[in-house]
Amino acid sequence: MLEDLYIEATKNCPEIKSENGEMKISGKCYPENSRKFFDPLLAALEGGNGNLREVSIQIDYINSSSTLMLIKLLKKLKSNLDEIIINWITEIDDEEMEQIGQEVEEIVGHELRFRKI
């Protein structure tokens, strides 16, 4: 399960924190191998979401293979718990990341809460 998980950010991988029912994914997301980065998270979800009720995503840049893996992660979270809250946080002037969020929302089939900072 994803309780009390911490993955430190690197130059090309986001920071991931999961505690007290909330997961935060932030930073740049273009690992050399997206599957290798996301697979441990997906495997942790095999036992369910635990007490995870909210996910906040604040990514500055994401490549296409990471977008596909993020979609897979969000679909898994949704299948485990339909009432999960997903926040998509972007900079005020970052139209590209907002558009990616809208596409992710459509593909996952779950409403994202869009916030600009």
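Scroll up for the structure.
Notes on the structure in this doc start here. Bear in mind that the values here come from a model prediction, so they are computed numbers and not experimental data.

Helix and strand counts for the protein chain come out as three helices and six strands. The N-to-C order of helical and strand elements in the protein chain reads β-β-β-α-β-α-β-α-β. In terms of C-alpha radius of gyration, the protein chain reaches 13 Å, essentially the compact-globule figure of 13 Å for 117 residues. In terms of its C-alpha atoms, the protein chain occupies a principal-axis envelope of roughly 35 × 30 × 25 Å. Counting every position in the protein chain, which comprises 117 residues, the buried fraction comes to 44%. Within the protein chain, counting contacts between residues at least 6 apart in sequence, those at least 24 apart form 67% of the total. For the protein chain, the exposed surface amounts to about 6600 Å²; the carbon and sulfur share of it is 45%.

Bridge count for strand β5 (residues 85–90) against strand β6 (residues 112–116) is five bridges, and the pairing is parallel. Across the sheet, the residue bridging to I89 is R115, located in β6. The handedness of the β5 to β6 crossover, carried by helix α3 (residues 95–108), is right-handed.

Cut-offs used in this document
Residues numbered from 1 in each chain as written. Predicted model: local features only at pLDDT ≥ 70, side-chain atom pairs only at ≥ 80, totals over all residues. Heavy atoms only, no water. Helix = DSSP H or I, 4+ residues; strand = E, 2+ residues; numbered from the N terminus. Rg over C-alpha atoms; globule rule 2.2 N^0.38 Å. Buried < 20%, exposed > 50% of the residue type's maximum accessible area, 1.4 Å probe, protein only. Contact = heavy atoms within 4.5 Å. Areas by Shrake-Rupley, 256 points an atom, 1.4 Å probe, with all protein chains shown as cover. Pairing = 2+ DSSP bridges. Right-handed = clockwise from strand over helix to strand, strands pointing away.

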